[in-house]
Structure formats: C-alpha cells, structure tokens
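The lines below spell out each chain.
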Amino acid sequence: MLLTPRTRNRRIQGALLASAVSVCLVAASAPSPATPLGIGDRLFPHLGNPGYDVKSYDLSFTYPGVNDKPLTAVTTIDAVTSERLERVNLDYTHGTVESVVVNGAPATFKSAGEDLVVTPGEPVPAGGWMRITVRHSSDPVTTGNGDGGWVRTKDGLAMANQADAGHMVFPCNDHPSDKAMFTIHVTAPDGYTAVANGLPTGVDRAGKSTTWTYRTAHPMATELTQVSIGRSSVLHREGPHGLPVRDVVPTKDRELLEPWLKKTPDQIAWMESKVGPYPFETYGLLMAQAQTGFELETQTLSLFEKELFTQPALPKWYVESIMVHELSHQWFGDSVSPRVWSDLWLNEGHATWYEALYAEEKADKPMETRMKAAYRASDSWRAAGGPPAAPKEPAPGQKISIFRPSVYDGAALALYALRQEIGHPTFERLERTWVALHRDGTATTADFERLASDLANRDLSGFFRAWLYGTKTPPMPGHPDWKSDAPKARKGA
Ligand SMILES: [Zn+2]
C-alpha cells in the first residue's frame, strides 16, 4: 500500500469522522459459547482463527448493477483441520448470512464480534478435509467502522482489503499467514466487465448478464484479493519471457492512460534484474475511478487511483516510482507475505527501497539524498509510530494507521544501513535469495535477520536489534555525520 500524498489529509479527516460515529463492539462480560477468536497477532488480535488451514476459496459474487445494494455471494472454503473442531470460527462482518453447510450438512451459526461462529451438526475431526459453504450478502456500503473492503467507484466496484478488511467482503481466515488458492466468479449485468486476481478460465453469458471466472496459479492472502467490476476494457500486452500483462481501465480513458501502461513491461524487466523472476502468472494495473487515498498491491492486479496518472502537478518520475512501488510488492508482500502484521516493514520497506532505487537509476534522484532526509526524520517517526519491526497498534477506528512513515522510508533506511554494513554484493544476494527462498510462502523478521547473517557470514543480531527495534535511530554506517532531529512533543501524546 502507498498513501497518496495529495489525498492524505482528506483520508485522515474521513477516518476521524468515521471513528466519531462508529459503534465499538465490546465483548460480553460472561463467557459466551460463541466468542471471537484470533491467532494472536499483536496488531489485530481477532484476525485469523485457530484449528484449520485454508487450502482454497471459491467465491461467487452477483453484482446487481448498482453500488448501494449488497451483492449476493457464495463462499466455499476447503480447509484441513489441525484439531477437532466443535465450532469453526471464520472472520466475517458487515453482511447477512443466509445459510452455512459444513461437509454437506447444514450447520448453525452466530456472529460474535467480527467472527462468524459455525457449529456443525457433528464436530469436525482433526487432520481431515473440511468444506464450508456460506451463502451471504456482500455489502459495498460501509457503515463507518471500517477501512476498505469494497471500494465504490464511479462505474462499479473494486476491492481494497489490506490490512484487515477481507472479512468485510467474504467469510475467511483473514490473516496473511494462511494463504490459499482462489477461484473467483463474478456475475454482472450487460455492459460491465469483471476482472479478478489471476487468469480467466471462463466467460458464460446467460440472459442479460455474464459470469466471469478467474483462478490464481499461486496461493494468495485474503488481504490481496481483487475484484474489479466496471465499464472497463482489458488491455493486453506482453511482459518479459512472454508474461501476460493485462490492465483494467475505464474504456473511455484507454488512450489517455496508454503512455503509462506501456511502461509496465520494462518496469517488470528492471525488477527482475534486481531480484529475479516475476513470481506470478500475470500482472497489470487496475485504474479505478475512485479516490481511495492509496494505491494497493492486490496480487497480480495492483489497484491505482486513475487520478494519479491524470494530475499534471505530479512529476512523471514520481508517478513511475509509485508504479514500481506496487510492482515490487508482488515479490515483497504478495509472493512473500508477512507472518504477522508487525512484519509489515518487510513489505513496505522493500517497496519503498525499489521505488527509491528506480528513481535513482531512471530519474537521477539519489538514494543517498532521500535516505539522509529519512535519517533526519527517523527519530520522530520511531517516536510516533514505533520502530520499523515493532509498530504501534493501529489507532482506534483507523486500522490502516499502521501504515506509518516508520515502516516506509523508516524501514527503507534500515535496509540502506544494512547495505552500508554488509556491502552492495551481499545485500543484492540477500534480496534475491529472500524472494526465491520464501516464494509463495510467509516469512518473519527473524527469518530475514537469519538469512542476512548467514549470507554476510557474521552475526547481525545486534545490528538488527538496534535498527528494527530501537526507539532511537542508530548511527548510519559510513555516514557518522548524519543526524536525526529530536521528536517534537506531540499534542495529546
Ligand atoms: Zn506499499
């Protein structure tokens, strides 16, 4: 994700307004048989659920042709249980459930916090397959207590589920540590085009509507799901090694946007020259007619605000570097997902790194200048948002507030320090090895530290402790003269 500077204030104002009217769900004081569970993520304690591992999702959405009414949906989850389950918790909120079937038999269900607690007729044994089918609604109208989920665009819908909004769209195990394969079906009235993650596997026209089906060839985290429904065209081109590249754009803007879209194949080739093969079956940009306030690396199809490309005030090099930011997330964040949300710096630090490296190589914007400026601000960022690998909890009602400077340029600064410390060749080998080793998986900060120490052939634990967990920015190797300004006392802090 990358917050769009020009809309940042608006977004924050919106979030503040939303938090003022939101209703806080408080757990009942007496223990209830149906309680929300989580997998212990420090930043999002109720995300994810214990006892099973989802292998695949099959999602079906039927779009009514308007944005203020819920879509009808069917979600089928195939999972393997790791323990005997009398109840199965799914993450799901902001919709109505019509029925739940577990392994072919009807189950009862109840909402608890942001969980849907399912009680099958018979407990599900440990170590077996479990199929859960939920018939439900999926409501694009937000009620003011959440960020993301469906994004209502001028001509339809898109999705922005990072970090914790996948379960506002469909029932799921909404944590990046449980990646799964996805098949997504979208039915929409004539005149609309639907596109989702992965490649198309079928188009069925019936009456006055069409059903599109897409399937991922690689596992994906729920937060990276994308479904675009709009008056759009799908533009095809070829990337490196014949990679199919497809962009989803408003039909009327296809010529206007083409000068930007045609840059993608070279950007992919540039990223491959830095870190190795592109990790997925396709890539492309989704140009949404919406002001989200951010761009988002939804897997194989990154979400961009169309306006980012049509504002003459933004320098060309800057917009291109933002394209590379989201592209590089396909390696860092998507293919290699964070094990817990405190590992977010691994996503954003690297995406910021390649964004800055691209600007250095292609637009003569020196990395050193940017990093020196980051160093100056770093102590303030750490004071406000926590150190890169120990971010502060999201502000109440503003869950995307974990996306703070400390995990962007603050984390890129730690990578810069690492490159200064271990040298360019070892750093570059680390980057390539990291994405190859953890491809299609999840990884932790400790994994990164271990790999860096292995490749540098020395113990870097002290270095990482200071750079990733320290409240003060350590001295920059090779630049002892760099200074960090003292954090200003903050109002109300
Ligand atoms: Zn990002």
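Given the structure is predicted, the values throughout are model-derived calculations rather than measurements.

**Things to note about the overall build of the chain**
When its secondary structure is counted, the chain shows 10 helices and 22 strands. Relative to its length of 493 residues, the chain is compact, with a C-alpha radius of gyration of 22 Å against a globular reference of 23 Å. C-alpha extents for the chain along the principal axes are approximately 65 × 55 × 45 Å. The burial tally for the chain puts 48% of its 493 residues in the buried class.

**A few points about the nonpolar core**
In a soluble, globular protein the nonpolar side chains are often hidden away together inside. The biggest cluster of nonpolar side chains holds 125 residues, and the ones touching the most others in it are V118, A158, V186, A194, L286, A412 and L413. The element that contributes the greatest number of residues to this core is helix α5 (residues 344–363), accounting for 10 residues. Other than its neighbours up to four places away in sequence, A412 contacts G349, T352, W353, A356 and A374.

**Here we look at the UniProt feature "domain: Peptidase M1 membrane alanine aminopeptidase" (unreviewed entry) in the chain**
Under the local residue numbering, the UniProt record ascribes the feature "domain: Peptidase M1 membrane alanine aminopeptidase" (unreviewed entry) to residues 264–467. Note that residues 264–467 is 55% helix and 8% strand, and that its end C-alpha atoms are spaced 33 Å apart.

**Some points on helix α10 (residues 461–469)**
Those residues of α10 that sit buried are F463, F464, W467 and L468. Down the axis of α10, the buried set is contained in an arc of 95 degrees. They therefore lie on one face. Of the surrounding secondary structure, the elements contacted by the buried residues of α10 are α7 (409–422) and α9 (445–456).

**Quick look at the environment of W260**
Looking at where W260 falls in the secondary structure, it is placed in helix α2 (residues 254–261). Residue W260 is classed as buried on the basis of its 20 C-beta neighbours within 10 Å. Along the sequence, W260 and G65 sit 195 residues apart, while their C-alpha atoms lie 30 Å from each other.

**Focus on the packing of α5 against α7**
The relative placement of two packed helices is expressed as an angle between their axes plus a distance between the axes. Two elements in contact, α5 and α7, have axes separated by 7 Å at closest approach and are oriented at 75 degrees. Comparing the axis directions of α5 and α7 gives the class roughly perpendicular. Across the interface between the two elements, W345, E348, G349, T352, W353 and A356 of α5 pack against D409, A411, A412, A414 and L415 of α7.

**Some points on the UniProt feature "domain: Aminopeptidase N-like N-terminal" (unreviewed entry) in the chain**
When the UniProt feature table is mapped onto this chain, "domain: Aminopeptidase N-like N-terminal" (unreviewed entry) is found at residues 168–222. Segment residues 168–222 splits into 0% helix and 51% strand. End C-alpha atoms: 11 Å apart.

**Quick notes on the sheet that holds strand β13 (residues 199–206)**
Pairing within the open sheet is mixed, and its 10 strands lie in the order β4-β7-β6-β5-β8-β3-β2-β11-β14-β13. Pairing within the sheet leaves two strands with one partner each, and these edge strands are β4 (88–91) and β13. Ignoring which end each strand starts from, the neighbouring axes of this sheet average 20 degrees apart. Strand direction decides the pairing type here: strand β2 (residues 52–62) and strand β11 (residues 181–189), joined by 7 bridges, are parallel. If you follow S60 over to β11, its bridge partner there is H185.

**Things to note about the pairing of strand β18 (residues 285–288)**
Residues L285 and M287 point to one face of β18 and L286 and A288 to the other, with burial holding for every one of them. Of the pairings in the sheet, the one linking β18 to strand β20 (residues 302–305) comprises 4 bridges and is parallel in character. Residue pairing in the sheet places A288 in a bridge with E305 of β20.

**Re unusual backbone geometry**
Leaving glycine aside, a negative phi is the common case for residues, and trans is the common case for peptide bonds. Following Q162, the chain continues to A163 via a peptide bond in cis, the omega torsion being 5 degrees. For A163, the location among the structural elements is in the loop between β10 (156–160) and β11. Unusually for a residue other than glycine, N103 sits at a positive phi of about 45 degrees.

**Section: the environment of L47**
Examined against the element boundaries, L47 turns out to sit in the loop between α1 (8–21) and β2. On the neighbour-count criterion, L47 (29 C-beta atoms within 10 Å) is buried. Along the primary structure L47 and P176 are separated by 129 residues, whereas in three dimensions their C-alpha atoms are 9.5 Å apart. With residues near it in sequence (within four places) discarded, L47 still touches G38, D41, D91, D164, D174 and H175.

**Structural notes on the pairing of strand β9 (residues 149–153)**
Taken across its 5 residues, β9 has 4 buried, putting it largely inside the fold. Bridging between β9 and β10 involves 5 bridges; their strand directions are antiparallel. Note that in β10 the partner of G149 across the bridge is A160. The hairpin turn running from β9 into β10, its antiparallel successor, is 2 residues long.

**A word on the packing of helix α8 (residues 424–437) against α9**
Contact pair α8 / α9: the axes reach a minimum separation of 10 Å and the direction vectors enclose 135 degrees. Regarding the angle of α8 to α9, the classification is oblique. Remark: the crossing between α8 and α9 carries right-handed chirality. For the pair formed by α8 and α9, the contact residues are T426, R429, L430, T433, W434 and L437 on the first element and F448, L451, A452, L455 and A456 on the second. Partitioned by chemical class, the residues of the contact of α8 with α9 number 8 nonpolar, 2 polar and 1 charged.

How each quantity is defined
- Residues numbered from 1 in each chain as written.
- Predicted model: local features only at pLDDT ≥ 70, side-chain atom pairs only at ≥ 80, totals over all residues.
- Helix = DSSP H or I, 4+ residues; strand = E, 2+ residues; numbered from the N terminus.
- Rg over C-alpha atoms; globule rule 2.2 N^0.38 Å.
- Buried ≥ 20, exposed ≤ 12 C-beta atoms within 10 Å, placed from the backbone.
- Core = buried A, V, L, I, M, F, W, Y, C linked by C-beta atoms within 7 Å.
- Contact = placed C-beta atoms within 7 Å.
- UniProt positions renumbered as here; feature names shortened; annotations may be inferred.
- Arc of directions from axis to C-beta.
- Axes fitted to C-alpha atoms, helices over the stretch in contact; angles between N-to-C directions.
- Parallel < 35°, antiparallel > 145°, perpendicular 65-115°, else oblique.
- Pairing = 2+ DSSP bridges.
- Left-handed = near helix turned anticlockwise from the far one by under 90°.
- Nonpolar A, V, L, I, M, F, W, Y, C, P; charged D, E, K, R; others polar.

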